[in-house]
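Structural overview
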Amino acid sequence: MSRDGFRVTLDKNNIIHNFNYIKNSTKKEVISVVKANAYGHGLKEVVPILAEAGCTYFAVARESEAIEILSLNLSNIRILVFETIENLSLLKTHDNLEMCINSLSELKELIEKDIDFSQLHLKFDFGFARNGFTKDELNEIKNIIIKNDLHFKGAMTHFFSSNPEEIILIQKEFINWINFLGKERFKIIHSQNSAATILGLGEGSTHVRCGISLLGMLDPGIEDENIKRSWTLSGPIYNIKDFSSLDFIGYTRKDNIDTQTFNKVGKIKIGYGDGFAKNNTNIMCHINNKEFPIVHISMDTSFVLIDDSVQQGDSVEIYRDFNRCNSFLNMDHYEYTTLLNSRIPRIIVEE
């Protein structure tokens, strides 16, 4: 890593704390969701931390993510893939790999291909418009289950809302569907995402399925002071120039930038080539506990308006205040954290 580059710093102790807090407060086993590069935190960094904390169950969206976890060679863990695995032979060569059945046609295909159903989860859709079985397919599914005497690893759904009343209704219907199909045919039942887990909802589920809360992020409007943030994006000021010597700041003419009362510009090594998109232009960053605007973003570098209090090498922190950044970008924090790609190294610290 260049000594002047940006990095994502992960607080190992906070990740472990969040895992233990959720496990102990719910009295349930935790399925740790680490899709999308662990929401930008770094899959290969986060999974071993959670495994060290005692997590034995991980979930991802795609086959490629599961293969990445398998490459870590961790013992005594299971991996659930939410989407359909294209290479079904992986299920036969890795008995710790599991998959969701997302449609009726998939269910029939998996029977034909003699896949071990103890590695499969039935997924139900209650209006999320994602994958999963719907109510009008229940009778046919039940007939298939009885005819083939199927026993599954699990049954799952996903809440599309953090509204408590809506979650309670969906969970009740979910459990009714499982009872209709035969509860004894499912070893585990899981529906609770981070929001439902923090709200204490999801009666009838055997496991909680959490992602962002393990990493110190919560859905908008949901609060829990016991959840600790684990993620920081920072890097140093690479160099500083006075406005008097400049006609442009990056590719933008200086006269077209609102320079306010600032008289200097600092260069930092992060840009849209790192996943720090141009819509971050004019977002505030923090230097020495003061706020400064990032006024131009190019592929490899960005530029910050600064004053005389800032020196070369001073640390610049971006996205310190998730709530303000969410409002500025009109997106949630777990959206823009996942955008940061592998050019930004992930560094684990224990504080």
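The notes below deal with the structure included here. For clarity, every value in this text was computed on a predicted model and none was experimentally measured.

Thresholds, definitions, all that
Residues numbered from 1 in each chain as written. Predicted model: local features only at pLDDT ≥ 70, side-chain atom pairs only at ≥ 80, totals over all residues. Heavy atoms only, no water. Helix = DSSP H or I, 4+ residues; strand = E, 2+ residues; numbered from the N terminus. Buried < 20%, exposed > 50% of the residue type's maximum accessible area, 1.4 Å probe, protein only. Areas by Shrake-Rupley, 256 points an atom, 1.4 Å probe, with all protein chains shown as cover. Lys, Arg positive; Asp, Glu negative; His and termini not counted. Charge placed at Lys NZ, Arg CZ, Asp CG, Glu CD. Pairing = 2+ DSSP bridges. Axes fitted to C-alpha atoms, helices over the stretch in contact; angles between N-to-C directions. Core = buried A, V, L, I, M, F, W, Y, C linked by side-chain atoms within 4.5 Å. Contact = heavy atoms within 4.5 Å. Salt bridge = Lys/Arg side-chain N within 4 Å of Asp/Glu carboxyl O.

1. Some remarks on the overall build of the chain
Assigned secondary structure in the chain consists of eleven helices and 19 strands. By principal-axis analysis of the C-alpha atoms, the chain measures approximately 80 × 40 × 35 Å. Counting every position in the chain, which comprises 351 residues, the buried fraction comes to 54%. Summed over its atoms, the accessible surface of the chain is roughly 16,100 Å², and 45% of this surface lies on carbon and sulfur atoms. Computing the positive centroid from 38 side-chain charges and the negative centroid from 47, the chain places the two 2 Å apart.

2. Concerning the sheet that holds strand 19 (residues 346-349)
Sheet strands associate in pairs through backbone hydrogen bonding, adopting either a parallel or an antiparallel arrangement. If you walk across this open sheet you meet the nine strands as 11-14-17-16-15-18-10-1-19, and the pairing is mixed. Strands at the two margins of the open sheet, each flanked by one partner only, are strand 11 (239-242) and strand 19. Across the sheet, the axes of successive neighbouring strands diverge by a mean angle of 35°, strand direction being ignored. When strand 14 (residues 264-268) meets strand 17 (residues 302-306), the two strands line up antiparallel, connected through five bridges. If you follow V265 over to strand 17, its bridge partner there is L305.

3. Section: the nonpolar core
V34, L107, L122, F124, L233, I318 and Y319 are the most contacted members of the largest nonpolar core, which has 116 residues in total. No other element matches helix 8 (residues 164-181), which puts seven residues into this core. The residues touching V34, leaving out its near neighbours within four places in the chain, are L43, V46, V47, L50, F58, A59, V60 and I69.

4. Side note on the pattern of salt bridges
Counted under the stated rule, the structure contains 16 salt bridges. Residue E350 pairs with K12 through a salt bridge whose shortest N-O separation is 3.7 Å. Here E350 is found in the segment after strand 19, whereas its partner K12 is found in helix 1 (residues 12-26), with 338 residues between them in sequence. Look at K12 and you get buried, because its relative accessible area is 13%.

5. Considering the pairing of strand 16 (residues 290-297)
The element strand 16 is extensively covered by neighbouring structure, given that six of its eight residues are classed as buried. Bridge count for strand 15 (residues 284-287) against strand 16 is four bridges, and the pairing is antiparallel. The residue bridging M284 from the neighbouring strand is P293, located in strand 16. Between the end of strand 15 and the start of strand 16, which pair antiparallel, lie two residues, with N288 showing a positive phi angle near 55°. Examined bridge by bridge, strand 16 and strand 17 share three bridges and lie antiparallel to one another. When the sheet's bridge partners are listed, I294 is paired in strand 17 with V304. The antiparallel pairing of strand 16 with strand 17 creates a hairpin that spans four residues between the two strands.

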